[in-house]
Amino acid sequence: MAFIRKEQQLQLYSKERFSLLLLNLEEYYFEQHRASYVLHVGSLKERKIRGSLKICSKSVIFEPDKISQPIIKIPLRDCIKIGKYEENGASRHLAKETSGGILLRFSQVYFIKEHNIVAPYKIERGKMEYVFELDVSGKVEDVVETLLQLHRASCLDKLGDQTAMITAILQSRLARTSFDKNRFQSVSEEFHRECKAEMVTPLVTNPGHVCVTDTNLYFQPLNGYPKPVVQITLQDVRRIYRRRHGLMPLGLEVFCTEDDLCSDIYLKFYEPQDRDGLYEFITTYLEHHITEHTAESYMLQWQRGHLSNYQYLLHLNNLADRSCSDLSQYPVFPWVINDYQSAELDLSNPATFRDLSKPVGALNKERLERLLARYQEMPEPKFMYGSHYSSPGYVLFYLVRIAPEYMLCLQNGRFDNADRMFNSIAETWKNCLDGATDFKELIPEFYGDDVSFLVNSLKLDLGKRQGGQMVEDVELPPWASGPEDFLQKSKDALESSYVSEHLHEWIDLVFGYKQKGSDAVGAHNVFHPLTYEGGVDLNSIEDPDEKVAMLTQILEFGQTPKQLFRTPHPRRITSKFKAPSYSASVEDSPVSPGEESFEDLTEESKSLAWNNITKLQLHEQHKLHKEAVTGIAVTRNGSSVFTTSQDSTLKMFSKESKMLQRSISFSNMALSSCLLLPGDATVVSSSWDNNVYFYSIAFGRRQDTLMGHDDAVSKICWHDNRLYSASWDSTVKVWSGVPAEMPGTKRHQFDLLAELEHEVGVDTISLNAVGTLLASGTKEGTVNIWDLTTATLLHQISCHSKNVCDTAFSPDSRHVLSTGADGCLKVIDVQTGMLTSTMTSEEPQRCFIWDGNSVLSGSQSGELLVWDLLGARISERIQGHTGAVTCIWMNEQCSSIITGGEDRQIMFWKLQY
């Protein structure tokens, strides 16, 4: 309905009843002339009806000024004679009166919108002769010549030849005109480029000239309709998308709002390079105004509950080239409710819902068996369904009560049979389950707020059903008390727990990996080849008839959305699926309901800290080492800070006295990382000399050495008496590390529990909160996710074009974030191994901490960057070290941060809020 509101806004600029919807599909409106329709010409009863004469590529349309008179449409192919009117035997006075006359003799005429009532067109057949007198008599010969030329095109035998000739006429007109620069908003505007294009609105396109300056985007229609120039201020543009139109890369859609369904202008270009050039200019100019969101970044927002199911589906439709301006690619939404008979709608009962893992055509087992039998016998290319789940006809089936003129345009001036109209929700759903050729899904209006598509508020005469009842409002299910209640309950169903847990299965079918190929066959989700992107190359078709027929089928049959995901889509994170550390029930909690636990307060403080992470301020800094700092570990009370460095030393720094207390050297090679064992009695350091060193703080000496690898140890982690060591020898080793009962008196006992083999050297590892998963990053840019309970590889993802700098799990263990030397941040879904978000910076981010939504990273230049992953943007840059930030530590409350850098310093940061 958004496109109807937009169309109504455009109509405000014109008092005409005429609209482009009165044209045939693929017809152009060229020009108009003030004129009179002369009745009973040459007789005493002669009278004139004032109006305007529209010259179109396939018809002549006369729009009377008085709304009581019908609009007259004469198809050119039905014309027998077109010429200048000449009065035979009339007085000289009368001849002068009609000297500007155009005579049309024809066999068929349409009468439309009499008394301005939208109704099926009235058709009159038989030989007729009309005379139209132009106000400017000097234009008669030019208009007659144009009509004769268009008439010849309409009368060609082959549709392809007709289209080619009309296209040639159109292009000739466009070539003879150009954008009128007097239409610029300001004389100081700087012209950038101009090209030919068509403005796309549902079912129709309007040719003209596009012009872009340093401040505005303009479209000037060839015919001056609905207004002389459409103007968009570039500063107002918020989103811009390249679109495919008719399965070809020719569309460009511009939005001046963040979330409106309908764009401000949709343009179709004749050449892809014109489209791409304009897109690149506008996006470059608007780099600070536009955020390019990917399907993966929206997925992350949806997974983490920052987008509703409705919002997420709208974003996916948008990214998959679905547009309200193109009815062949209108946004598609799923049926989610299966129960339209009950008096009450029970959203806690799974039986209330449709199986979202199956396409509509596979929901009825018996029908599916018949379709599969036909599919098996069909020659290549095979398809299971002879109609699509979304097409212009289906969209207007749902919207006929508010878009009747669109339906009349699509169906040559007729409404559908009354019994085939959108009469009842339950009937429509039943037909989708049982009908031999009905597999349609829903449109976003079913989950919106505007009930007008369910109500015949325009009092349209949509026909009488076989039972004798007139087609009026849509019949609602028993559980809906009215249209508003129906939409509210539909919205509640879409956002319900059941749908949230299963929506990813439907996304796999429509936007994902089950859309094409063997996975689509296995899911019974195969449609006609022409509906898929890449299904046909229109430019390779030489036969003009075949090309026109193919394009018509593409536009009218329906199109499958652009494929957005090629691996299984992860499910939404709901309370049912939260990580074990957060899943304790109320019954298990020692805290009575309504009382806040210490853990709740800690979580609240963490959330507050991350919400204010951009307010980080440098508190103090100290130069401790002679080379780059590589690791930071801090005692639980925060009093002592341990650091390792490439200068081969482990340093102990007192935060209270701000003094260096100890400096320990284990070998003459760099130390790569450090950690404190529980109890804060032992520091563990990894070294490039292939060893891991254990240092007793209380006794001030090296307690043990683990000689575990054949090359440098790059990173170590500890959890639940297990040590995890990563090495450039292409392994990650898991050791049992039972600490000595009396630190400093006994040696640790190490047993190798598992060896995780990699193809290349491992630069970094991280554990999830409960120690069941490990992520490793390699020198070749691969991130591996391991199940530590079975020591098996779950996923191997090629994330980066260079080595991985750092990895970390989100607190809920649902995602892994990695940074690489290629400057990219990548978010991986742990369940599926899918890359769910990618962000880039100009330089590598060497280390980071994150809470699942926001990231604080240390960059090669020394800056600290705050990233809003859900908004896909860098929200703050904080000046820090003079060289690369190499390591970063944060306390449990997220209130204190320490960074180490190549400048040999450690910096203490505080949150100010």
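Residues numbered from 1 in each chain as written. Predicted model: local features only at pLDDT ≥ 70, side-chain atom pairs only at ≥ 80, totals over all residues. Heavy atoms only, no water.

1. Brief notes about the nonpolar core
The tendency in soluble globular proteins is for nonpolar side chains to be buried as a group.
Step number 1: Among the nonpolar cores identified, the biggest contains 106 residues, and Phe-446, Phe-511 and Phe-565 are the most heavily contacted of them.
Step number 2: The element best represented in this core is helix 13 (residues 497–510), accounting for 7 residues.
Step number 3: Contacts of Phe-446, omitting those with residues within four sequence positions, involve Tyr-398, Phe-422, Ile-425, Phe-453, Phe-486, Leu-487 and Ser-490. (Core = buried A, V, L, I, M, F, W, Y, C linked by side-chain atoms within 4.5 Å. Buried < 20%, exposed > 50% of the residue type's maximum accessible area, 1.4 Å probe, protein only. Helix = DSSP H or I, 4+ residues; strand = E, 2+ residues; numbered from the N terminus. Contact = heavy atoms within 4.5 Å.)

2. A short note on the confidence of the model for the protein
Step number 1: With 91% of its residues at a pLDDT of at least 70, the protein reaches an overall mean of 89.
Step number 2: Here residues 89–98 scores under 50 on pLDDT; set against residues more than four positions off or in separate chains, the count is 8 contacts.
Step number 3: Segment residues 576–599: pLDDT under 50, and 19 contacts once partners within four positions in sequence are set aside and those in other chains are kept. (pLDDT = per-residue confidence, 0-100.)

3. Concerning unusual backbone geometry
Step number 1: Cis geometry is found at the peptide bond from Tyr-225 to Pro-226, where omega equals 0°.
Step number 2: Of note, the bond from Glu-380 into Pro-381 is cis; its omega dihedral lies within 30 degrees of zero at -5°.
Step number 3: Structurally, Pro-381 can be placed in the loop between helix 8 (365–377) and helix 9 (392–399).
Step number 4: A positive phi angle, near 55°, is found at Lys-459, a position not held by glycine.
Step number 5: Mapped onto the elements of the fold, Lys-459 is located in the loop between helix 11 (425–434) and helix 12 (483–494).
Step number 6: Even without glycine at this site, Ser-813 takes up a positive phi of about 65°.
Step number 7: Within the secondary structure, Ser-813 sits in the loop between strand 32 (804–809) and strand 33 (815–820).

4. Describing the pairing of strand 7 (residues 122–134)
Step number 1: When strand 1 (residues 29–39) meets strand 7, the two strands line up antiparallel, connected through 4 bridges. Across the sheet, Ser-36 pairs through a bridge with Glu-133, a residue of strand 7. (Pairing = 2+ DSSP bridges.)

5. Examining the pattern of salt bridges
Step number 1: Here the structure, examined in full by the defined rule, presents 32 salt bridges.
Step number 2: As a salt-bridge pair, Lys-430 and Asp-434 come within 3.1 Å of each other at their nearest N and O atoms. One end of the pair, Lys-430, and the other, Asp-434, are both in helix 11, 4 residues apart, so they sit about a helical turn from each other.
Step number 3: Asp-449 is paired through a salt bridge with Lys-491; the nearest N and O atoms lie 2.3 Å apart. With Asp-449 in the loop between helix 11 and helix 12 and Lys-491 in helix 12, the pair connects residues that are 42 residues apart, well separated along the chain.
Step number 4: Ionic contacts of the salt-bridge type, sharing partners, join the residues Arg-243, Arg-244, Glu-253 and Asp-321 into one network. (Salt bridge = Lys/Arg side-chain N within 4 Å of Asp/Glu carboxyl O.)

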